[in-house]
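Here is what each chain is made of, one letter per residue.
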Amino acid sequence: MLRGHLLPFITDYIAMLSKSLTACDASYRLTKIQECWLGFCLGGILMTNSICWERFSRAGLGSWLAKSLSWMFCKSKINWERLFHHSIKSILAKYELTEGSLEIDDTERERSKNAKKIYHLGKQKDKKSGGYFMGQSIIFVILVTKKISIPVGFEFYKMDPDLKIWQQQDAKLRKKGVKKKDRPAEPERSPLYPTKNTIALQLVSNFKDNFSNFKVKSVKGDALYGTGQFMDGVSELYPKAQIISQIRKNQKIVRAGKEEQVSAYFADQTVKKGTLIIRGGEMVSIEYMSTIAKVRAHDKKRLIIALKYEGEEKFRYIIAKDMTWRVQDVLECFTLRWLVEVFFQDWKEYEGWGQLTKHVGEEGSRQSLTLSLLFDHCLLSHPMQSARIKDNLPLYTVGSLRNQLSIQSLLHVFKHILEQPNPKAELEKLVENIDKVYKLRVSSKHMSGRSPTWESPTC
């Protein structure tokens, strides 16, 4: 990977992005140096699976210095929000996509325990171990269409520190038996730390503002977003869209004038058996029940479905706003939500935004995450992926595509050298750069060159 000699699919993607920006407003166009830098960074993510200037510089064999890459990241006047918007716009136009579903979910990215200056760093629950770690919590909106799934929005979340302290103190007082009237009142949440529901609604609103002509057929989220605030808010934005989420088993519903917990209501109902096609592929056996009832917390009627997959012991409770949909259609639509988990897996493992992404402050986190998502978009525009989309075939995985492209990037450098008038001189120049960039460091593992602190035993 040399400066100015990137794989063609990266330069084609940058050209497509720059053309879209210029067509909208020439004042936001990318300059030649910005195009060169952005393409080099995407190539760096491909080669190193990180967003680290030192690694980028080494992968580029010194054709860009780390400090120059860092300066461009911090000082170049790139409008990252518009860049991300036009990247989405370009991909949608490329594949002629006009309708789809919005999937909302959040995930955590672990950081060092010693980190201090990373934006919205906080204590996160470890779902695997049950413990805690320091990390960043991010809410994503993924657009799922009949051809591709693509990230279209994100926002960082952090619990209000004052509210968190109050919750901890309130829990201690409740444990001691202190009555509510004698405990401190709950403080108002700071607007600097909105709830996840508020953030999710804003992300959906942003998508509607940016892509007003795009038809959103459904909006889905897990139980965290199964609130009246979220469902009513999305309904105002997309009145004709189906909105699907979950509720807890102890939430109250009202049917025929009788109020009871949703789990208690379905405990007395007859279970139906059927099959369900998961994400248009595998068919599985399910048990389900359904009803239309008023959800007390929402103060509105919803279609409520109790669902259990084969092998599961407990039912989950799914709710839908549009009660005219068939139960089967709601369930099949709901399975698309799990495509978000596939995106999270690919993004965390192969798209660079990992432990070595240590850019400080809000701008550092936002811009580096945007760069990572642009890499996701860039891979979607690759000719091999485009051909499979055109032929209605499954796309290649991010991991396998990255592995092949990494080798191609290396061969691209050798091809460039061989095409020069004096290949031997170019190769020697490259070897000199390698010696400068890849400096050898002294190991502390061996005793050679150091004085032992013990004396040799006497024979």
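For the structure itself, look to the data block above.
A few points on the structure.

Basis of the calculations
- Residues numbered from 1 in each chain as written.
- Predicted model: local features only at pLDDT ≥ 70, side-chain atom pairs only at ≥ 80, totals over all residues.
- Heavy atoms only, no water.
- Helix = DSSP H or I, 4+ residues; strand = E, 2+ residues; numbered from the N terminus.
- Areas by Shrake-Rupley, 256 points an atom, 1.4 Å probe, with all protein chains shown as cover.
- Lys, Arg positive; Asp, Glu negative; His and termini not counted.
- Charge placed at Lys NZ, Arg CZ, Asp CG, Glu CD.
- Buried < 20%, exposed > 50% of the residue type's maximum accessible area, 1.4 Å probe, protein only.
- Contact = heavy atoms within 4.5 Å.
- Disulfide = S-S within 2.5 Å.
- Expected span 1.5 Å × (residues − 1).
- Core = buried A, V, L, I, M, F, W, Y, C linked by side-chain atoms within 4.5 Å.
- Patch = residues over 30% accessible without salt bridge, like charges linked within 9 Å, V, L, I, M, F, W, Y side chains within 5 Å.
- Salt bridge = Lys/Arg side-chain N within 4 Å of Asp/Glu carboxyl O.
- Phe/Tyr/Trp six-rings, centres within 6.5 Å; stacked < 30°, edge-to-face > 60°.
- Lys NZ or Arg CZ within 6 Å of the ring centre and 35° of its normal.
- Axes fitted to C-alpha atoms, helices over the stretch in contact; angles between N-to-C directions.
- Parallel < 35°, antiparallel > 145°, perpendicular 65-115°, else oblique.
- Nonpolar A, V, L, I, M, F, W, Y, C, P; charged D, E, K, R; others polar.
- Polar contact = N/O pair within 3.5 Å; in protein donor to acceptor, adjacent residues only side chain to side chain.

Some words on the overall build of the protein
Thinking step 1. For the protein, the helix and strand inventory stands at 15 helices and twelve strands.
Thinking step 2. With the C-alpha coordinates of the protein rotated into their principal frame, the extents come out at 85 × 70 × 50 Å.
Thinking step 3. For the protein, the exposed area adds up to about 25,500 Å²; of that, 51% sits on carbon and sulfur atoms.
Thinking step 4. Positive and negative side-chain charges in the protein, numbering 73 and 50 respectively, have mean positions lying 3 Å apart.

Some thoughts on the side chain of Ser-372
Thinking step 1. Summarising the element assignment, Ser-372 is placed in helix H12 (residues 361-380).
Thinking step 2. Looking at Ser-372, the relative accessible area reads 0%, which means it is buried.
Thinking step 3. Beyond its immediate sequence surroundings of up to four residues, Ser-372 is in contact with Ile-45, Ile-51, Trp-347, Glu-351 and Trp-353.

Observations regarding the state of the cysteines
Thinking step 1. The full count for this structure, using the stated rule, is zero disulfides.
Thinking step 2. With no disulfide of its own, Cys-36 lies closest to Cys-41 among cysteine sulfurs, the gap being 9.6 Å.

Things to note about H12
Thinking step 1. For H12, with 20 residues, the first-to-last C-alpha span of 29 Å sits near the 28 Å given by 1.5 Å per residue.
Thinking step 2. With 16 of 20 residues buried, H12 lies mostly within the body of the structure.

Some details on the nonpolar core
The tendency in soluble globular proteins is for nonpolar side chains to be buried as a group.
Thinking step 1. Among the nonpolar cores identified, the biggest contains 95 residues, and Trp-37, Leu-102 and Phe-140 are the most heavily contacted of them.
Thinking step 2. Per-element tally for this core: the top contributor is H12, with eight residues.
Thinking step 3. Each residue touching Phe-140, except ones within four places of it in the same chain, is listed here: Glu-103, Ile-104, Asp-105, Thr-107, Gly-153, Phe-154, Phe-343, Phe-344, Trp-347, Leu-369 and Leu-373.

Some points on a nonpolar patch on the surface
Thinking step 1. Taken together, Ile-407, Leu-410, Leu-411 and Phe-414 make up a surface patch of nonpolar side chains, about 380 Å² in accessible area.
Thinking step 2. Turning to its location among the elements, Phe-414 is positioned in helix H14 (residues 398-418).
Thinking step 3. Among the residues examined, Phe-414 registers a relative accessible area of 39% and is labelled partly exposed.

Description of the packing of aromatic side chains
Thinking step 1. Counted by the stated rule, this structure contains 21 aromatic pairs.
Thinking step 2. Measuring from ring centre to ring centre gives 5.1 Å for Phe-140 and Trp-347, while their planes differ by 70 degrees; the resulting arrangement is edge-to-face. Pair noted here: Phe-140 is in strand S3 (residues 132-144) and Trp-347 is in helix H11 (residues 339-350), with a separation of 207 residues, a long-range link.
Thinking step 3. For Trp-347, a relative accessible area of 0% gives the class buried.
Thinking step 4. Their ring planes at 35 degrees and their centres at 5.0 Å tell us that Phe-207 and Phe-211 sit as a pair that is tilted.
Thinking step 5. Taken together, the ring pairs in this structure connect Phe-84, Tyr-119, Phe-140, Phe-154, Phe-156, Phe-343, Phe-344, Trp-347 and Trp-353 into an aromatic cluster.
Thinking step 6. Of note, Arg-111 hangs over the ring of Trp-353, and the distance from its end group to the ring centre comes to 4.5 Å.
Thinking step 7. The aromatic ring of Tyr-238 is capped on one face by Lys-208, whose charged end is 5.1 Å from the ring centroid.

Focus: the packing of helix H1 (residues 8-24) against helix H5 (residues 80-94)
To characterise two packed helices, one gives the angle between the axes of the helices and the distance between these axes.
Thinking step 1. In contact at an axis separation of 9 Å, H1 and H5 are set at 110 degrees when each is read in the N-to-C sense. With respect to H5, the element H1 is oriented roughly perpendicular. Here Tyr-13, Met-16, Leu-17, Ser-20, Leu-21 and Cys-24 of H1 come into contact with H5, specifically with Arg-82, Leu-83, His-86, Ser-87, Lys-89, Ser-90, Ile-91 and Lys-94.
Thinking step 2. When its residues are assigned to classes, the contact of H1 with H5 shows seven nonpolar, four polar and three charged.

A short note on the side chain of Ser-76
Thinking step 1. Take Ser-76: it is sitting in the loop between helix H4 (66-75) and H5.
Thinking step 2. Here the side chain of Ser-76 touches Met-72 through a polar contact of 2.4 Å, landing on its backbone oxygen.

Considering unusual backbone geometry
Thinking step 1. Even without being glycine, Glu-96 reaches a positive phi, approximately 55 degrees.
Thinking step 2. For Glu-96, the location among the structural elements is in the loop between H5 and strand S1 (99-110).
Thinking step 3. Residue classification places Glu-96 among the exposed residues on the basis of a relative accessible area of 66%.
Thinking step 4. Of note, Asn-392 is a non-glycine position whose phi angle comes to about 55 degrees, a positive value.
Thinking step 5. Relative to the elements of secondary structure, Asn-392 occurs in the loop between helix H13 (383-390) and H14.

Here's the deal with the environment of Val-141
Thinking step 1. Considering the arrangement of structural elements, one finds Val-141 in strand S3.
Thinking step 2. Judged by relative accessible area, Val-141 falls into the buried class, the value being 1%.
Thinking step 3. Along the backbone, Val-141 and Trp-166 are 25 residues apart, and their C-alpha atoms lie at a distance of 31 Å.
Thinking step 4. Beyond its immediate sequence surroundings of up to four residues, Val-141 is in contact with Leu-102, Glu-103, Ile-104, Ile-150, Pro-151, Val-152, Gly-153 and Leu-203.

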